[in-house]
Every structure is written in structure tokens, then in C-alpha cells.
Amino acid sequence: MDKTFNPHQHEERIYRMWESGGYLTPQIDISKQPFSIILPLPNANDPMHMGHALFTVQDILARWHRMMGDPTLWLPGGDHAGIETQFVFEKKLTKEGKSRFDFDRETLFRMIAEFVEQNKNVNRDQMKRLGFSLDWTRYHYSLEPEIQKMVLETFIRLHKDGYVYRAERLVNFCTKCGTAFSDLEIKHLERQDPLYYIRYGPFVLATTRPETKFGDTGVAFHPADKRYRKYLGKEIEVMGVNGPFRVTAVADEAIDPEFGTGIEKVTPAHDFLDYEIAKRHGLPFKKAIDFTGRLTSVTGRFAGMKVKAAREAVVAEMQKMNLLERIDENYVHSVAVCYRCGTTIEPMLIPQWYVKTKPLAKAAIDAVKRGSTRIVPLKRFEKMYFEWLENIEDWNISRQIVWGPRIPVWYPVDKNPELEVTFIDKNGAKQNGKISALLENTDKQAFTLSEISQGLQQLRAPLDAEFIVSNTDPGGKYLQETDTFDTWFLSAQWPVNTLKSKPGDFEYFYPTSVLDTLWDILFFWVARMMMLGIYLTGDVPFRTVHIHSRVVDRQGQKMSKSKGNVVNPIEMVDKYGADALRMALIYGAAPGSDIALSEEKIRGMRNFANKLWNIGRFISGSLDQSGISAGDFPFFGDDRKNKLKNPDDKRILSEINKLCAVVTRNLERYRFSDAAQDIYDFTWHRLADEYLEINKERFRDSNPEALPVLLHVFHRILKLLHPFMPFVTEVLWETLPKKYDKPLVLSSWPSGSGKPVKG
RNA sequence: GGGCGCAUAGCUCAGCUGGUAGAGCGUUUCGUUGACAUCGAAAAGGUCUCAGGUUCAAGUCCUGAUGCGCCCACCA
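A quick note: this is a predicted structure, and the numbers were derived from the prediction, not measured.

Caption draft 1: Layout of the protein's contact with RNA strand B. Around RNA strand B lies a shell of 41 residues, among which Ala206, Thr207, Ser334, Asn614 and Trp684 are the nearest. Here RNA strand B approaches the protein such that, of its atoms within 4 Å, sugar and phosphate make up 59%. Every element with two or more residues in the surface near RNA strand B is listed here: β9 (203–207), β15 (332–338), α11 (379–390), α20 (599–626) and α22 (672–694). Sort the elements by how many residues they give to the surface near RNA strand B and α20 lands first, with eight residues.

Set out below in C-alpha cells:
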């Protein structure tokens, strides 16, 4: 044996041994209770970060249950990560001087698919390097045909059951990404912007967005505000930069009389509050901004200008016309921005597909209340969960991107003359217009439906458009919806769909045992998996949700590229080995609080792996000196069970038994850190520093009594430690003599209950 | 605006159902050619944020204050 443990000499070979031996693939056995975990599917193209390294928690659970004899499935997957991936791809296009608008959607999809193919296995290979005992024979990619088919079927079923509907509402729209987002996908930023006090008919009112004035259809004040009460219900004439226009005065509780002058201009098509007010008072909607973030034709000479430029132009014009009273330059407010690219969100009125969530949310709440699913370790996450689901709004599942499963809705062109399409014709020129006009055989130019369909970029159907829902091309004169599903709509069904893709799996492994994740996707993913899981199967997708902590640097700062404090897990594995990194992540991580990770800590755990290695080396050396051949090693427990004379031997045996029980108990309670610390302390300070030092000479005896005890204790430590540090323990296990010739990964768990331990 | 969490040794944190403070790293001193310097032995270092309260007894329970962090909602 080498003087130190060198991870790189062993890791790859050991992992291959586990994988090719089929040890990571469970044998379905109806007489046994299975244990199953679905891996939170990482972006298949993203290199691993520390968050992924924390999948160690799941590996500990999986390895522990496997050793306890439970048929154990840990199912891996990779996510196409719709918006993320398309965003990255578009950045690449930009560098090449192109944009998504240069391609029809099918071509664009194909290009992204090829792009993704190049590093599709990045994440997969890295997870193997960390030793994760995933069953790769059951790997699924979120865009594989089988999964996609099931996602479409879910949509069709939801539609049939009346859970899916189309509505034209104000949505969060990113004009750069060209897509709508759910509320969860936007960020709020504090920003200082000018607050303009403008003369507005008989009023002066404060606004940050004078350029939306063209979309105004009302003014609103608080019902109790005496200053404005006399105007209630009246039509007010307002002088604008394009001449006078009329708005209706309404009273609404939502108006804060303290803000500005206590009166607000109502722009229903471009502001969330105004949208609500307009709905309550029946004010009309008038669109002044289009999907590209430019002003529409209703703005006259400002049409085509981008929002920011338009604001400056409008303000300048207002100044000229003496419509601007003053500007408050110190106004600070929070602005919604795209979580992806940081562009200011433009509230936009578009028809979108929605899922009715109230009834689904109720079932998801009830399931946790009645204990069908348990959220550990902390009650506060349960509270967060309830609160979010209780206040949930209907879920907008349409995204205007191409990288994702396309919504299986088809619009008959004959019955929907108002369908607006953007497409690239056979000569490569971009065309846009109403379908009826484009298909018409006029003198100018006519297009065939198949040409439009092939070159299609985007289709916009009016809210009242006729459509059919079908997972196959209905044939004939139809155009398919160009919106794709929100990525989370797909991942919300992940446990069901992945298990259903192999016969027998769903019946055996569903509901899964544990879902382990970070709290930041509790709403995005966990709550939605609960909703769709229960809807699709009638049972919850997992029995326990375990929330693990976030990895931060040693100053407690969140790791981020901009701060430059990111620790790359693979670099650490290269440097110190997978075991060291894994142990460093688990050791000292209290449930629910952040995990402070530093290179020193990882180094410390590398030292521990080495300590362990050297205990093994000592045993091996003692064995040589004792002159016993490995073949007839007198294992403890074979015939000398109650014959021990030495009090040290007796004591260490009773202590290791106790340790087994304590570790098992801590694993049962998801107290991984405690379990790890107990093993660490015992191994280093009790076994090595005391027992082994004091009895050093006794292990070299040719008629040994102590050596079998030592080996027995060490075997147990290897087992207890294997879920945490799988590589070094497996190598030591294969190096030392043992009773049964089975790899450690399949050996039996020492529960410490006094039951006989085999293997 | 609503809600939540944290505050213990220089640093990162344990301390679960209340019984006179613990670990790792760091620091200091000493030791060690046969398991391991990726080591061993020892030492220094804490009015457990503050103020009240409950209790025979409080880092541990309760109330309040201060500081730091987070989540949700929202800002015309």
C-alpha cells in the first residue's frame, strides 16, 4: 500500500466497477419496500457547481438504503433548460452577428439541438466523478421524445378536464428575450428614476412613465379623497403631445392618496395596478407598446421608437408644451427585470395558456397537512409552502421561445382569418401579416400554407380564435401554436414521467421516498410537482421533501461569478479527491443553515481520508508481521465471541456498536452532519489515537486476539463511512481481508442493534 | 407592507427534550526515522449580542431591544 491515499489512482476504476457491475441498478422485489429518489434534474449542458455537489446528501441516503437491503433507485436526468439554453445560444448568435429573427423556428430548434449536443454529457460525467450512485440505465433527458409525448398528453388531459384555458391578461414580458415569464421568473431591482409631475387636464400627477400616456384611458384617485371627488365618473379632456384626448375619472381603493398628488393616470395595457383598476371600472385597454419594446402606431409620430428613447422625446415635447410641472430626480422605486438578461419587464397584454391552479393547489396543501408528504427538517419551509400555495395565481405556461415542447394546439386557418403570422418565405425574406391576406391570391404576392408553416417564426392568435388540441398533426389547413411550455411545466411531471417510461417502475417506485433540494426551488418545482403529481396519479410524488442548505464561502457569502468566490467542485475533486469534497460539504452543515465551504476544510477532510487509509495500512502491515495468511484469518465473531480478555478490546467493541446505532439514528433523522462528525471523531480520536496507539504491539501477535477485533471495528467504520466517502472506503475494503467477497457498496449496513452482520 | 431565520473561542459552526461551554481550521510549545508531518502530545483563547422574566438551575424556555441575512407582496 502507498503511504498516502491517492484518489486518482482509484476513483475512476471504482466507479466503473460499481456501474458495470450493475450495483447501481435496483432489482425489483415485490416482497421488499423500495427506496427511490429522483435527482433534481440539472441543466444538461451546464458544468457542475457546488449546488450539484450537494447531491451528496442524496447519495448518502441512496447508499445507506442500498446497504440496508432496500431495492434502491436513484434516477438521474438532464434538463433542456428552455429559456436558459436559448438565452446562451442567442448570445452565441449575437457574437456571430446573427439573431433568432434570422431563422424560422424549426431551423432555430435544430441549431440549438446541435449546439446542446456538443456538451450534453458534461454534467453527467461530472456527477460520476463525485461518486454519485445514480442508475444510469434509467437516465432521461427532458426533451427526449418519450418524455415530450407524455408532457403533451398531460396538457391534453388538463384541457379535457377543464384545467387549461386561454386568456388575454397582462403578463411579464421581456422584450429582449421575446417571451413572457411567470411571476417567479422576474426579479425586482431598486432603481433611481425621475418622477415626472405632469399637467394632466385639470390635474397634476406623478408618473415615471410619461411615454405610456398614449395608452391612458382613465385617471384614478382614492374614493375618500375630497380633492378629486367631484370628478368621479366624468370624462376629462387632457392635452397630450399629440393633441387632446379623453379619459374617464374613477375612484379606487388601490390608490394611495399620499403618493405624488394622489391621482394616477390609468394605463391598463402596460401596468399591473392599472390593469386591475381598469378591470374593476370597465375602462378600455389601449396598447401603446409592442412586443419588441417599441411604441405602436397609436402614438403617431413616436411610433417605432424604443421605450427609453420615446420617454426622452415625449418629455422634451411636454417641456415645450409646458405640460411638465417639475421632475423629482431622487425618486427610488423597485423595477421588475428579467431574471435572465436584466431587461426591464414590460407588462404586456397577450393571449396566453393558463393552468387553473386553485384546485390543484388545494390538493397539494391537503397532502402535506395530512402528512402524505412531510417537509423536513424545518417547519418554516412548510409554512412557506402553504403560504405560497394558498395565494397562488393561475399558472401561465406559455413561453414564446422555440427550445421546448411546442404546445399541442392547432388553429384552423379557414376559421381564423385574423391569425397573425411572422415567417421567412422560400426566398429567405421575412414576412408578416394576417393569414387571410397572405394566403389570398392577389396581384401582389401569395404564399402557400405549407410555405408559411415551414418558415414560421411566430403565430399570434386572437383570444377568440378557434383551435383544436391534438398531440399529432391533424392534417389539412392548420397552423400549430408557436408557444412552447414553461420548462417547469415539464419538470413538474418529472417523477411521474420518468418512472412511467420503464414498465413496472412506476408501480413499484412511486411515490418516491425522498426529494432532496434547495429551498429556492420549493415553489418553482416542488410545489408544482406536488400539484401535477397528485393530479396525474392521485398520489403524492414523494413521501418526504428534504430541504438542504446552500453552499456559501467561508465568509458566509453566496457564491457567484461576479463576486469571484466560486469554488469549482471538479477542481476540488482534482486536487483533493471526491471523498474529501463530499465530506467537507456534509461535515459541520447544520440543517437549514448555510454551509460554509473553504478549501482548508476540504483539505482537512482529505487528511481524514488519509488517516483512514493509514489505519488500513497499519492493519495490513500488522497482518503481514503476524504471519497469518489472509486466507485463514480468524475473523472476529467466528468462534471467539465471548472469549475476550482484554478490557480495551471489549470496550472498543461496545463503543463501535454504540456508534453504529447513533449513526443510524442520525441518518434516520436526516442529521447527516452529526452522523459524519460521530464517525470522524471516533475513527480519528478514539480508534486511532487511543485504542490503536495503546495496543500497538498486540496487533502483531502470531496468535492474535486484538487484530481480529481491530479489523472488525474497522470494517464497521468502512461501512458507516461508505455513504459519505465511497471511494476510499471501497478501496480499503477490497484491500483488506473480509469474510464475504462482495463489494462494500453492496455490503450490509451495521445498524448497531445487535443483529448479526453479514458481508 | 406581511413573514422568517441567525447572533456561542481569531475564523466557520455544533450544542436536539434546560443541569456549571464543544469541534474543525488557525495560533503557541514540545515530540516523532515503522500506519499517517496529509502525524502525535499539550496549551492559550468565550460576562454564549444586550435588557428583563420563568426556574433550585438558562447558551438552551418567554418578552423586548440592537445588529446581520432571507422570503413574499408592492411602489403610479
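Picking up where we left off.
Caption draft 2: Structural detail: the packing of aromatic side chains. This structure, assessed with the given rule, holds 39 aromatic pairs. Measuring from centroid to centroid gives 4.9 Å for Tyr508 and Phe509, while their planes differ by 75°, and the two rings are edge-to-face. Between Tyr691 and Phe699, the aromatic rings sit 5.7 Å apart at their centres with planes inclined by 65°, giving edge-to-face as the arrangement. The burial state of Tyr691 is the same as that of Phe699; both residues are buried. Seen from the ring of Tyr139, Arg124 lies directly overhead, with NZ or CZ sitting 4.0 Å from the centre.

Caption draft 3: Quick peek at unusual backbone geometry. Note that the residue after Tyr510, namely Pro511, is joined by a cis bond; omega there is -5°. Of note, Pro511 is situated in the loop between α16 (505–509) and β27 (512–518). Its identity as a non-glycine residue notwithstanding, Ala81 has a phi of 50°, on the positive side. On the secondary structure map, Ala81 appears in the loop between β3 (77–78) and α4 (82–95). Among the residues examined, Ala81 registers a relative accessible area of 5% and is labelled buried.

Caption draft 4: Structural view of the environment of Met572. Checked against the element boundaries, Met572 lands in helix α18 (residues 569–576). Judged by relative accessible area, which is 4%, Met572 ranks as buried. On a C-alpha basis, the gap between Met572 and Glu599 in space is 7.9 Å, while along the polypeptide they are 27 residues apart.

Caption draft 5: Focus on the pairing of β27. Among the seven residues that make up β27, seven are buried, leaving the element largely enclosed by the rest of the structure. Handedness of the crossover joining β27 and strand β28 (residues 542–548) through helix α17 (residues 522–537): right-handed.

Caption draft 6: Just α18, in detail. Those residues of α18 not exposed but buried are Pro569, Ile570, Met572, Val573 and Tyr576. Taken around the axis of α18, the buried residues stretch over an arc of 160°, which confines them to a single face. On its buried face, α18 sits against α1 (7–20), α2 (50–53), α6 (122–129), α19 (578–586) and α20. Downstream of α18 by a residue or two, Gly577 has a phi angle that is positive, lying close to 95°.

Caption draft 7: Layout of the confidence of the model for chain A. Confidence in the prediction for chain A averages 89 pLDDT; 96% of positions are at 70 or higher. Averaged pLDDT values over the elements of chain A bottom out at 78 in strand β29 (residues 551–552) and peak at 98 in strand β2 (residues 72–75). The low-confidence segment residues 754–759, where pLDDT is below 50, has twelve contacts with residues more than four positions distant or belonging to other chains. Per the prediction output, this complex has pTM 0.91; the corresponding ipTM is 0.91.

Caption draft 8: Region of interest: the sheet that holds strand β22 (residues 430–434). If you trace the three strands from one edge of the open sheet to the other, you get β22-β21-β23, paired in antiparallel fashion. For this open sheet the edge positions go to β22 and β23 (456–460), each flanked by a neighbour on one side alone. The average angle at which neighbouring strand axes cross in this sheet is 10°, direction not considered. Note: strand β21 (residues 420–424) against β23, four bridges, orientation antiparallel. Each residue of the ladder has a partner; that of Thr422, found in β23, is Gln458.

Caption draft 9: Molecular detail of the pattern of salt bridges. If you walk through the whole model with that rule in mind, you get 40 salt bridges. The salt bridge partner of Glu418 is Lys434, with a shortest N-O separation of 3.5 Å. Linking Glu418 in the loop between β20 (409–412) and β21 with Lys434 in strand β22, this pair joins segments that are 16 residues apart in sequence. Relative accessible area serves as the criterion here: at 36%, Lys434 is assigned to the partly exposed category. One network of salt bridges, in which partners are shared, links Arg209, Glu211, Arg311 and Glu346.

Caption draft 10: The packing of α20 against α22, seen in detail. Between α20 and α22, whose axes approach to 11 Å, the crossing angle comes to 40°. Relative to α22, α20 is oriented oblique. For α20 against α22, the interelement crossing comes out left-handed. Taken together, the residues of α22 that come into contact with α20 (itself represented by Met605, Asn607, Phe608, Lys611, Leu612, Ile615 and Phe618) are Tyr680, Thr683, Trp684, Leu687, Ala688, Asp689 and Leu692.

Caption draft 11: Fine view of α4. With 14 residues, α4 should cover 20 Å at 1.5 Å per step; its first-to-last C-alpha distance of 20 Å lies within 8% of that length. Here α4 has its buried residues at Gly82, Ile83, Thr85, Gln86, Phe87, Phe89, Glu90 and Leu93. For α4, the elements touching its buried residues are α5 (105–118), β6 (179–181), β19 (398–399) and α14 (487–491). Phi turns positive one or two residues past the end of α4, at Gly97, with a value near 75°.

Caption draft 12: Representation of the side chain of Asp193. By the element assignment, Asp193 lies in the loop between β7 (186–192) and β8 (195–200). Separated by 3.2 Å, the side chains of Asp193 and Arg191 make a polar contact. If we skip the residues at most four places from it in the chain, Asp193 touches Asp328, Glu329, Tyr331, His333 and Val335.

Thresholds, definitions, all that
Residues numbered from 1 in each chain as written. Chains lettered and ligands numbered in written order. Predicted model: local features only at pLDDT ≥ 70, side-chain atom pairs only at ≥ 80, totals over all residues. Heavy atoms only, no water. Near = heavy atom within 4 Å. Helix = DSSP H or I, 4+ residues; strand = E, 2+ residues; numbered from the N terminus. Phe/Tyr/Trp six-rings, centres within 6.5 Å; stacked < 30°, edge-to-face > 60°. Buried < 20%, exposed > 50% of the residue type's maximum accessible area, 1.4 Å probe, protein only. Lys NZ or Arg CZ within 6 Å of the ring centre and 35° of its normal. Right-handed = clockwise from strand over helix to strand, strands pointing away. Arc of directions from axis to C-beta. Contact = heavy atoms within 4.5 Å. pLDDT = per-residue confidence, 0-100. Pairing = 2+ DSSP bridges. Axes fitted to C-alpha atoms, helices over the stretch in contact; angles between N-to-C directions. Salt bridge = Lys/Arg side-chain N within 4 Å of Asp/Glu carboxyl O. Parallel < 35°, antiparallel > 145°, perpendicular 65-115°, else oblique. Left-handed = near helix turned anticlockwise from the far one by under 90°. Expected span 1.5 Å × (residues − 1). Polar contact = N/O pair within 3.5 Å; in protein donor to acceptor, adjacent residues only side chain to side chain.

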